[in-house]
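Report on the structure
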Amino acid sequence: CGGDDDGCYGPIDKVEHVRLVKRIQPGAPDAPYGPKGPLEWGQINFMHTTDTHGWLAGHLKEENYGADWGDFATFTRRMRQKADNLGVDFLLVDTGDLHDGAGLSDATTIDGTKSMPIFSEVEYDLLTIGNHELYVTEVAKQMFNEYAKKWGDRYLTSNVKVYNDATKQYEHVGATHRYFITKQGIRIMAFGVLFDFTGNSNASQVIKAKDMVKETWFQDAIHTDKPVDLFVLLGHNPVRQTDYANTFTTVWNEIRAVHKNTPITIFGGHSHIRDFAVYDQASVGIEAGRYCETLGWVSQSGFSKCNSGYHGAKKPDGKKLTRKATDNSTAPWAYSRRYLDWNRNTFMYHTSSNKNFDSQTGLEITQEITTARKDMNLGEVYGCAPETYCISCVPFDDPKNIFPGVIKPAVNAIVLNEARKDKARMIIGNTGAIRFDLYKGPFTYDDNFVVSPFRDVFRYIPDVPFDKASQVLAKLNKGTVAKREFASMPIARDDCVDPLIGALTLRDMHQERGIVRRQETITPGYATTDDWGTDGDDTEHTGIPNYSIPSYWESRAGFPTGSDPEKVDLIFFDFIEKYVLQDLGSGFTSDMVSCYINCTFTSQDFMLPYAKLMWQDNIDNCPISA
Ligand SMILES: O=c1ccn([C@@H]2O[C@H](COP(=O)(O)O)[C@@H](O)[C@H]2O)c(=O)[nH]1
Ligand SMILES: [Zn+2]
Ligand SMILES: [Zn+2]
């Protein structure tokens with residue numbers, strides 16, 4: 001069993017990047033169980049990506065999400081060509097979070113140095129910014145100085161500014177809005193809004209949506225004299241609006257107050273789910289998941305020469321879109337929506353391209369990824385993980401959950417200051433810092449970033465009375481401090497809120513996320529329920545369990561046997577320092593906090609030594625498949 005062509009997963013080459021996922025040919029006996037039928041094309045058709053987080057190499061261990069950015073580039077080009085042939089419009093949109101999740105984006109000194117040039121080889125029509133472009137000053141500046149320039153008026157950052165070192169002022173990263181006319185004559189006004197994010201470095205400013213809508217440029221844009229056939233609202237926000245997440249509603253209300261009947265089509269993100277929300281009979285919003293697992297599709301018809309400048313095909317593929325946004329809609333607008341699994345079989349199926357799918361550009365991008373991965377040693381194997389450990393497919397206290405199974409033993413073993421090794425210690429982290437499941441088999445340099453991508457420094461307060469330290473976890477998870485601070489965040493349930501953002505847990509409410517290894521029959525995967533029901537997934541899957549997890553975890557080491565220590569070293573990520581201090585209460589201040597090992601030892605640095613320490617069995621013969 002080895003190599004690409006024999007139907008088995010090969011072992012990961014120790015230093016070389018080899019493609020673990022076979023390049024599937026349609027019709028092959030093990031081709032995935034595929035799409036349920038052709039996409040429904042409308043007069044205007046959108047493909048949507050969001051929260052790609054650097055996964056441009058595709059999911060090397062999950063065949064169902066195995067396409068890479070080169071395959072995606074080919075797919076988008078073919079879809080654009082198909083739209084031209086049908087005489088309809090096609091727009092490709094992205095709604096941000098381009099870093100933090102994979103080695104390709106995060107193993108460079110400045111995130112994105114290698115991944116961003118590859119990302120931007122795909123020709124997007126509209127893009128907006130995510131919170132992950134704003135945590136780190138150098139990344140925010142990279143977006144401002146390089147990609148905003150490159151993408152020009154296609155990059156919409158209506159409420160985000162970055163400090164310009166040259167002018168010494170905060171300036172919009174990209175354009176505030178864009179008015180343009182599509183190939184087929186649809187006159188579009190587009191905006192790009194980020195949720196009320198407060199975790200940005202001081203290199204940027206995020207203007208709250210409620211303030212942004214009062215700004216002159218926004219009011220001028222919605223009161224423009226130019227004809228607008230369609231508003232397109234991009235945003236790094238969940239499309240499902242709640243009291244805590246209402247950026248879209250805020251902007252939507254302003255537009256609707258002026259344009260009673262004009263369609264508003266929305267593209268969201270940030271909560272990492274597949275979702276589709278109906279706002280009214282002329283407005284719908286889609287969210288296309290995360291991590292290059294999902295490609296969102298929305299098509300829309302109803303344009304005529306009476307209500308728009310549209311001059312393309314009336315019935316793009318001989319059929320007409322028939323589904324209205326609401327059951328009782330009297331508006332002309334009809335829509336379709338679909339969530340596509342990110343694999344070559346899906347891409348080939350929807351372009352009817354069979355063996356001729358690959359394009360020169362796509363193959364070149366794939367080659368660039370392979371070269372970059374090789375240069376960065378991303379395929380280097382550090383250990384052979386004995387089991388698969390997941391974040392939420394089993395309960396939080398199950399031995400196969402990644403927190404008790406890997407994270408806690410790993411920090412206990414590795415996060416140790418030699419000078420204080422005799423002290424009892426408690427380590428606290430936010431569960432949101434652990435980003436992906438860990439698979440049985442080779443644990444590579446890349447997997448380190450996949451599981452724990454952030455550079456959050458381990459900080460500590462020495463000699464904290466145990467009775468104080470032992471209360472912190474419960475208080476953090478209760479989240480009173482965090483809820484006050486992040487009241488505008490999309491919170492799903494009290495018991496599973498990530499108070500720093502909160503949104504990840506919304507997934508619990510909507511869908512079950514699946515792990516897919518091979519697909520010969522219907523397999524576990526996304527089984528989505530949205531405002532239109534359960535027929536949105538392009539490839540049908542059975543769901544898998546998705547347990548809610550608390551927002552924080554704690555691990556204890558060096559405790560005396562059979563009793564509690566009097567004092568402990570309380571260790572935590574700098575990312576949550578503010579909340580730990582608040583929950584410790586009076587008497588604890590920031591000047592008591594210092595770096596635990598050193599100020600460069602971060603959450604990127606404990607998994608690889610752990611793999612080297614604990615997972616050396618079968619290292620030279622480490623199979624990927626379970
Ligand atoms: O330095 C960091 C930055 C972020 N996090 C975690 O990430 C989420 C936000 O991720 P999205 O993809 O925008 O949903 C944040 O809530 C933290 O849980 C981190 O741990 N460290
Ligand atoms: Zn994200
Ligand atoms: Zn986000």
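Computed from a prediction, not measured in an experiment: that's the story for all the values here.

All right, on to the coordination of the zinc ion (ligand 2) then. Taken together, the protein ligands of the zinc ion (ligand 2) are D51 (OD), H53 (NE2), D97 (OD) and H272 (NE2), with distances of 2.0 to 2.2 Å. Each donor residue of the zinc ion (ligand 2) belongs to the same chain, and together they define the spacing D-x1-H-x43-D-x174-H. Metal-to-metal, the separation of the zinc ion (ligand 2) and the zinc ion (ligand 3) is 3.4 Å; D97 coordinates the two. With a gap of 221 residues between them, D51 in the loop between β1 (44-49) and α1 (69-86) and H272 in the loop between β11 (264-268) and β12 (274-280) connect regions that are remote in the sequence. Exposure class is identical for D51 and H272. Each is buried.

Moving on to the sheet that holds strand β4 (residues 155-156). Strand pairing in a sheet relies on backbone hydrogen bonds, with the paired strands running either antiparallel or parallel. The strand order across the open sheet built from six strands is β4-β3-β2-β1-β14-β15, with neighbouring strands paired in mixed fashion. Here the strands that pair on one side only, and so sit at the sheet edges, are β4 and β15 (334-341). When strand β14 (residues 294-301) meets β15, the two strands line up antiparallel, connected through eight bridges. For W297, the partnering residue across the bridge sits in β15 and is R338. The strands that α1 touches are β1, β2 (89-94), β14 and β15; relative to β2, the one it contacts most, it runs at about 150°.

What follows concerns the coordination of the zinc ion (ligand 3). Bound to the zinc ion (ligand 3) on the protein side are D97 (OD), N131 (OD1), H236 (NE2) and H270 (ND1), at distances that span 2.1 to 2.3 Å. Spacing between the donor residues of the zinc ion (ligand 3) along their common chain follows D-x33-N-x104-H-x33-H.

Across the eight residues that make up helix α15 (residues 577-584), a large majority, six, are buried. Every buried residue belonging to α15 is among E577, Y579, V580, L581, D583 and L584, and all of these are buried. Once α15 finishes, G585 follows within two positions and takes phi at roughly 90°, a positive value.

Locating D100 in the fold gives a position in the loop between β2 and α2 (103-106). We note that D100 is buried and unpaired, the nearest opposite charge coming from R455 at a distance of 6.6 Å. Of the polar contacts made by the side chain of D100, one reaches the side chain of H132; its length is 2.7 Å. Filtering out sequence-adjacent residues up to four positions away, D100 remains in contact with H53, S105, D106, D111, H132, Y135, R435, P453 and F454.

Right, let's get into the packing of aromatic side chains. Taken as a whole, this structure holds 40 aromatic pairs when the rule is applied. Ring geometry for F191 against F231: centres 6.5 Å apart, planes inclined by 5°, an arrangement best described as stacked. Within this pair, whereas F191 is found in strand β8 (residues 187-194), its partner F231 is found in strand β10 (residues 230-236), the two being separated by 40 residues in sequence. Measuring from centroid to centroid gives 5.3 Å for F396 and F403, while their planes differ by 45°, and the two rings are tilted. Members of the aromatic cluster, joined through ring pairs, are W69, F72, F75, F119, Y124, Y147, W151, Y155, W342 and F347. Its guanidinium or amino end placed over the ring of F144, K149 lies 4.6 Å from that ring's centre, counting from NZ or CZ. The ring of F180 carries the charged tip of R178 above its face, separated from the ring centre by 3.9 Å.

With that settled, consider the confidence of the model for the chain. Detailed reading of the predicted coordinates is not advisable wherever pLDDT is low. The share of residues in the chain with pLDDT of 70 or more is 88%, and the mean pLDDT across the chain is 89. Here residues 1-31 is a poorly scored stretch, pLDDT under 50, and it has 89 contacts once near neighbours within four places are set aside; other chains count. Contacts from residues 481-519, a stretch scored under 50 in pLDDT, to residues over four places away or in other chains number 149 contacts. Both confidence scores are given for the complex: pTM 0.91, ipTM 0.99.

Pairs can form between side chains of opposite charge once their charged atoms are near each other. Under the criterion given, the structure shown has 30 salt bridges. Across the pair R178 and D153 runs a salt bridge, and its minimum N-O distance is 3.8 Å. Remark: D153 occurs in the loop between α4 (137-151) and β4 and R178 occurs in strand β7 (residues 177-181); sequence separation between them is 25 residues. With a relative accessible area of 16%, R178 lands in the buried category. By relative accessible area, which is 44% here, D153 ends up partly exposed. Taking the shortest distance from any N to any O, the salt bridge between R337 and D530 comes out at 2.6 Å.

Rules used throughout
- Residues numbered from 1 in each chain as written.
- Chains lettered and ligands numbered in written order.
- Predicted model: local features only at pLDDT ≥ 70, side-chain atom pairs only at ≥ 80, totals over all residues.
- Heavy atoms only, no water.
- Donors = N, O, S within 2.8 Å, 3.2 Å for Na, K, Ca; no water.
- Helix = DSSP H or I, 4+ residues; strand = E, 2+ residues; numbered from the N terminus.
- Buried < 20%, exposed > 50% of the residue type's maximum accessible area, 1.4 Å probe, protein only.
- Pairing = 2+ DSSP bridges.
- Contact = heavy atoms within 4.5 Å.
- Axes fitted to C-alpha atoms, helices over the stretch in contact; angles between N-to-C directions.
- Lys, Arg positive; Asp, Glu negative; His and termini not counted.
- Salt bridge = Lys/Arg side-chain N within 4 Å of Asp/Glu carboxyl O.
- Polar contact = N/O pair within 3.5 Å; in protein donor to acceptor, adjacent residues only side chain to side chain.
- Phe/Tyr/Trp six-rings, centres within 6.5 Å; stacked < 30°, edge-to-face > 60°.
- Lys NZ or Arg CZ within 6 Å of the ring centre and 35° of its normal.
- pLDDT = per-residue confidence, 0-100.

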